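# Observations on chain architecture
Listed here are the chains, written in short residue letters.
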Amino acid sequence: MKVLQVILLVLFACVEIHADELLFPNADFEQGTLENWTAEGEAFRIQPTRGDNTSARNREPSNLQGSWWIGGYERFNGTVGEPGATAGDHLTGTLTSREFEIKHPYITFRIGAGHLPGEVGVRLLVDGESIDLATGVDHETMVMESSDVRQHIGKLARLQIYDTATGGWGHINVDDFRGTESPAPETSMDFVLDARVKPSSYPDTSYDQPLRPQFHFVSKKNWLNDPNGMLFDGENYHLFFQHNPNGTEWGNMTWGHAISQDMIHWKQLEHALLPYRVDRRSGTIFSGTAVIDHNNSLGKQVGDTKTICAFFTFAANPSFYQAMAYSTDGGFTWTYWNEGRAIVDNQGFDQGERDPKVFWHEASQKWVMVLWVQQNPGRVRWFTSTNLVDWEFASDLMRDWAFECMDVVFLPVDGDPENVKCVIYDASFDYEIGTFDGKQFHAETETLQNVRGNYYAAQTFYQAPDGRAVQIGWMRGGPNSAKLFDVPHNQQMAFPVELELKSTPEGVRLFCSPISEIETLVAETHEFKNLSLREGVNPLSDLQDLDLVDLEIVFSPGEAKEVVFDLPRTQLRYVAENHQLLCNGVTESGERREEVCLEQFTERDGKIHLRVLVDRLSVETYAFGGEAFSANYISPIDQETLSIHSLGGTAVIHDLKIRELNSAWK
Ligand code: FRU
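### Brief notes about the site of the ligand
If you check the shell around the ligand, you find 13 residues, and the closest are Asp226, Gln242, Arg354, Asp355 and Glu404. The contact in question runs from an oxygen atom of the ligand to an N or O atom on the side chain of Asn225, over 3.0 Å. Asp355 has a polar side-chain atom sitting 2.6 Å from an oxygen atom of the ligand. Here the ligand, which alone exposes 320 Å², has 91% of that area covered by the protein. Elements represented by at least two residues in the shell around the ligand include exactly strand 16 (222-232), strand 21 (281-293) and strand 25 (354-361). Each residue belonging to the shell around the ligand can be placed in one class, and the counts come to six nonpolar, three polar and four charged.

### Re the pairing of strand 19 (residues 266-273)
Extensive coverage of strand 19 is indicated by the burial of six of its eight residues. The turn linking strand 18 (residues 254-260) back onto strand 19 is made up of five residues, and Met263 within it adopts a positive phi angle of 70°.

### Observations concerning unusual backbone geometry
Excluding glycine, most residues fall at negative phi; most peptide bonds, likewise, are trans. Here the bond from Gln47 into Pro48 is cis, since omega is -5°, no more than 30 degrees from zero. Positive phi, close to 70°, is recorded for Asp355, a residue that is not glycine. For Asp355, the position within the fold is in strand 25. Residue Asp605 is not a glycine yet carries a positive backbone phi of 50°.

### Remarks on the sheet that holds strand 28 (residues 392-398)
Read from one edge to the other, the open sheet built from four strands follows the order 25-26-27-28, with strand pairing classed as antiparallel. Lying at the two open borders of the sheet, with one neighbouring strand each, are strand 25 and strand 28. When the angles between neighbouring strand axes are averaged without regard to direction, this sheet yields 25°.

### Thoughts on the domain arrangement of the protein
Annotation of the protein at the domain level lists domain 1 (20-187), domain 2 (219-514) and domain 3 (522-661). Centre-to-centre, using C-alpha coordinates, domain 2 lies 32 Å away from domain 3. On the side of domain 3, 27 residues touch domain 2, which itself brings 26 residues to the contact. The contact between domain 2 and domain 3 buries some 2100 Å² in all, and 59% of this surface belongs to carbon and sulfur atoms. The interface formed by domain 2 and domain 3 contains one salt bridge. Between Arg452 and Glu599 there is a salt bridge whose closest N-O contact spans 2.7 Å. Our count for the domain 2 to domain 3 interface comes out at 13 residue pairs in polar contact (both at pLDDT 80 or more). For the side of domain 2 that touches domain 3, the secondary-structure elements that each account for two or more residues are strand 34 (451-453), helix 3 (481-484) and strand 40 (507-514). Residues that form the side of domain 2 that touches domain 3 fall into these classes: 14 nonpolar, ten polar and two charged.

### Concerning the sheet that holds strand 44 (residues 570-575)
What the five strands build is an open sheet, ordered 46-45-44-43-50; its pairing is antiparallel. Of all the strands in the sheet, the pair left with one neighbour each is strand 46 (592-598) and strand 50 (643-647). Between one strand axis and the next, the sheet turns through 25° on average, direction left out of account. Bridge count for strand 43 (residues 562-567) against strand 50 is five bridges, and the pairing is antiparallel. By the bridge assignment for strand 50, Phe565 is matched with Ile644.

### Comments concerning the pattern of salt bridges
Within the structure shown, the criterion is met by 32 salt bridges. Linking Arg341 and Asp279 is a salt bridge whose minimum nitrogen-to-oxygen distance equals 2.7 Å. Remark: Asp279 occurs in the loop between strand 20 (276-278) and strand 21 and Arg341 occurs in the loop between strand 24 (335-336) and strand 25; sequence separation between them is 62 residues. Take Asp279: its relative accessible area is 38%, and that puts it in the partly exposed class. One salt bridge connects Arg604 with Glu627, and the closest N-O pair in it is separated by 3.0 Å. Here the residue Arg604 occupies a position in the loop between strand 46 and strand 47 (608-614), and Glu627 occupies one in the loop between strand 48 (618-623) and strand 49 (628-633), the gap between them amounting to 23 residues.

### Comments concerning the pairing of strand 9 (residues 106-113)
Most of strand 9 is tucked away, with eight of its eight residues classed as buried. Here seven bridges tie strand 9 to strand 12 (residues 139-148), and the two strands are oriented antiparallel to one another. Bridging from a neighbouring strand, Ile111 pairs with Val143 of strand 12. The sheet contact formed by strand 9 and strand 14 (residues 172-180) spans seven bridges and is antiparallel. Directly across from Ala113, in strand 14, lies its bridge partner Ile172.

### Remarks on the packing of aromatic side chains
Going through the model one piece at a time under the given rule, you end up with 43 aromatic pairs. Members of the aromatic cluster, connected to one another through ring pairs, are Phe191, Phe240, Trp255, Tyr276, Phe312, Phe314, Tyr321, Trp334 and Tyr336. Positioned above the aromatic ring of Tyr162 is the side chain of Arg123, whose terminal nitrogen or guanidinium carbon lies 3.7 Å from the ring centre. A cation over a ring is seen here: Arg604 above Phe624, with NZ or CZ 4.1 Å from the ring centre.

Conventions and cut-offs
Residues numbered from 1 in each chain as written. Predicted model: local features only at pLDDT ≥ 70, side-chain atom pairs only at ≥ 80, totals over all residues. Heavy atoms only, no water. Near = heavy atom within 4 Å. Polar contact = N/O pair within 3.5 Å; in protein donor to acceptor, adjacent residues only side chain to side chain. Areas by Shrake-Rupley, 256 points an atom, 1.4 Å probe, with all protein chains shown as cover. Helix = DSSP H or I, 4+ residues; strand = E, 2+ residues; numbered from the N terminus. Nonpolar A, V, L, I, M, F, W, Y, C, P; charged D, E, K, R; others polar. Buried < 20%, exposed > 50% of the residue type's maximum accessible area, 1.4 Å probe, protein only. Pairing = 2+ DSSP bridges. Axes fitted to C-alpha atoms, helices over the stretch in contact; angles between N-to-C directions. Domains from an automatic or database assignment. Contact = heavy atoms within 4.5 Å. Buried area = accessible area lost by both parts, 1.4 Å probe. Salt bridge = Lys/Arg side-chain N within 4 Å of Asp/Glu carboxyl O. Phe/Tyr/Trp six-rings, centres within 6.5 Å; stacked < 30°, edge-to-face > 60°. Lys NZ or Arg CZ within 6 Å of the ring centre and 35° of its normal.

Structure representation (structure tokens):
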């Protein structure tokens, strides 16, 4: 016992002798001044800053030591400014220390803010050399950094904190420069959520603005893009989506979350997956998919509730990787697997590889991941796994059309369960039909396309009941509706479509038609048969109050040059000469423009079959039961008279159904 005590005492004494120490007085800024430091330029004039000012302005905590530190974005030095006041990213300058002797093998310090190597950071000036020690982490919270300076022991040196960057993250946070005997322990703040993004989902926002879409999914507030993690859990459909909780433009990518029992009436919940930082890398949550872990492959199931695993792209500098979060309570709370670290690391082809699609492959009893990893040449990489976290390379599918948001879906041809095919498609809905052998896709068609307009980044619900494949796409590219149309949101989803493979004279093709659940919205149906569209005939003459419409028509253009549909807020024109259907679209900057929704839209047996969904800011058109379709944003028109009429000759309406729809928000 005595011997042990002596050993411990000796050890303790050694540690004492070589105790960490400040590199020089005020190397921790605790004098509250820049004593022993020289500021040049503007970036460090009103420094050091006092207190946790990043928290004071609602950002992640600074993790300062003591009371004072260098916070390049802050503008509060105890006398000038106030807590939470900001200086911005645009200021540049250097802060150089007085000379000190290097006595310890390591220099440790805290560092945060911009990850901009060579532009913002800390360097050591020694022997006429400038040695870069560290840059920030794209996160305000400072982490511990250690530099090995053994080869410079005994030399005189200076520290220089520098900031030459003027754009995003163009500032640096530092504190507490010490000489130490060993590297600093890894910071305990490895995983932190980005404090800018709050999980709340806008409890006070309504859907009743005059131009708010009424049967299309929109976020209660702010920006939305791709659908993510769509799945059916046995009771509810879940729709996660790319979301900016802080504004109506793209940014701060987070997975928003909504649930529904019929894919039409949605209830938006708290945001599900939030941007975070881990291992000094900050990133946001890009697109991906989710699965129900039916056989508890992950081993995390609690009780009878199956675990939901959400696979997403961690969009961090300098390159993206794929990560996973899981929920054991049906999608309401989430744990980031291994604190959000990679389950599939960047494959080295493209820094922006993204959007993992994961599904269970029954025949091989494996999980499969499909990932877009390269453009030019386009490369889609397939992996397999038995536990949802260790992924093994399976094959590469080289396709130049492939770009972002791959999805894979298995569908019977003409409803025949003995003839199931694999369909693979990307964000712009180029697709191929073929088979999948558990490792590799084998194409049986050329590359096909069946959508136009603003439809993008669609995916299908995982495990939809009755083997259905229901898809939702984001309507990309409309103007900022919050700015233009006095609504609190920007961007919308297209109406859900059912996917089917059907034989056509050209071969097997993918058909997309609005899901039959739309019937739950029908308030009234008006039906017309065998009408000659002569001058003065207007089937809509008694329906001038139409607002939300599901219209289905079989007509023959006959001698007419055009058949014109003046519908609420929108006009469609069927132009016989070019076999096109045109609508009043809108550019991203808000200008109205005529767009082709359907082309090569030619009569069959003299007839044309068209279905049209009209909401407040969009029109969707489907040809011949969904053989082709288009989802278009519109620039709303003040229609004087609603009508269907022909120009330059008489057309015939064989069958016309106009279903007036109720709002899905009521
Ligand atoms: C497609 C996309 C995805 C990405 C996401 C980011 O619209 O670019 O590839 O994950 O948006 O919001």
